[in-house]
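Tertiary structure, described
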Amino acid sequence: RYENLVFPNIVLYTQVKIDRAGNRWFIAQNKVWRLQPGKAFNPAVPDFVLDRDVASVLQDRNGNIWFGTRGYGLRKCTPLVSAFQAGITGVSINGLWEDARGRVYVRIITTIYYYDAATRTLASSSAFPDAPNRQMDILFGPTGDKWLLCGIKGDNDESQLRHYSADGKLLGFYSFKH
């Protein structure tokens, strides 16, 4: 049971995630705790301390946990081993996603890119080059289709929800005012 746990010197919990194994991941600034069901837990000792604050989290199909950090880059955690720097450095990773094929997407500032975990390389251009600036979020449909939420460049009052086929063809979009 995890009742009445006190985490020391933490002002803000930035994220809470549950992985496929049932572990609870608490992320506060640059500290990461993994609460494993049925195992002892010490809130005074984080499992991982990263170089910078965590901005986004993703569990990939292999069970690895990816942390996008504010200014350091991308870190990959293999839960049974350790955390290591995974290829993108010196940038803030503000979003992480994985599609049904295992392709990883990262958001740097307001642009979403493909990331090749095998070669540790980031695509040189947007995964959605035809989309407006401020690419904010992606949802993946059951057929491999993608839904992209983005803002209209230079207009803070309008957004678009863009629908793409699995092969990247724009099927349509919906504009809406805030």
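For the structure, check the block above.
Heads up: these notes are all about the structure in this document. This is a predicted model, so every value here is computed, not measured.

Rules of the game
- All residue numbers refer to positions counted from 1 along the written sequence of the respective chain.
- In keeping with the model being predicted, local features are shown solely for residues with a pLDDT of at least 70 and side-chain atom pairs are shown and tallied solely at 80 or more, while totals for entire chains, interfaces and linings include all residues.
- No hydrogens and no water enter the side-chain calculation; it runs on all heavy atoms of the structure.
- Only protein chains enter the accessibility calculation, which uses a 1.4 Å probe; a residue is then buried when its area is under 20% of its type maximum, exposed when over 50%, and partly exposed in between.
- Comment: elements are numbered from the N terminus, with helices defined as DSSP H or I runs of at least four residues and strands as E runs of at least two.
- Two strands make a pair as long as DSSP finds a minimum of two bridges between them.
- Side-chain rings of Phe, Tyr and Trp (the six-membered ring for Trp) are treated as a pair once their centres are within 6.5 Å; stacked means planes under 30 degrees apart, edge-to-face means over 60, and tilted covers the remaining angles.
- Our definition puts a charge over a ring when NZ of Lys or CZ of Arg is within 6 Å of the ring centre and also within 35 degrees of the ring normal.

1. Side note on the pairing of strand 9 (residues 93-98)
- Counting buried residues in strand 9 gives five out of six residues, a clear majority hidden from the surface.
- Judged from the five bridges that link them, strand 9 and strand 10 (residues 104-108) form a sheet pairing that is antiparallel. Residue pairing in the sheet places Trp97 in a bridge with Tyr105 of strand 10.
- Here strand 9 hands over to strand 10 after five residues, with Gly102 in that stretch at a positive phi of 90°.

2. As for the sheet that holds strand 9
- Taken in spatial order, the four strands make up an open sheet running 9-10-11-12, and their pairing is antiparallel. Edge positions in the sheet fall to strand 9 and strand 12 (121-122), since each of these pairs with one other strand and no more.

3. Focus on the packing of aromatic side chains
- Overall, the coordinates contain eight aromatic pairs when judged by the stated rule.
- Ring geometry for Trp25 and Phe48: centres 6.5 Å apart, planes at 15°, overall stacked. Of this pair, Trp25 sits in strand 2 (residues 24-28) while Phe48 sits in strand 4 (residues 48-49), placing them 23 residues apart in sequence.
- Residue classification places Trp25 among the buried residues on the basis of a relative accessible area of 1%.
- Ring centres of Tyr105 and Phe128 lie 6.3 Å apart, and the angle between their planes is 20°; on these two criteria the pair is classed as stacked. Placement of the pair is Tyr105 in strand 10 and Phe128 in the loop between strand 12 and strand 13 (135-140), with a sequence separation of 23 residues. The same class applies to Tyr105 and to Phe128, which are both buried.
- Members of the aromatic cluster, each reached through a chain of ring pairs, are Tyr105, Tyr114, Phe128, Phe140 and Tyr164.
- Over the ring of Tyr114 we find Arg103, and its NZ or CZ is 3.5 Å from the ring centre.

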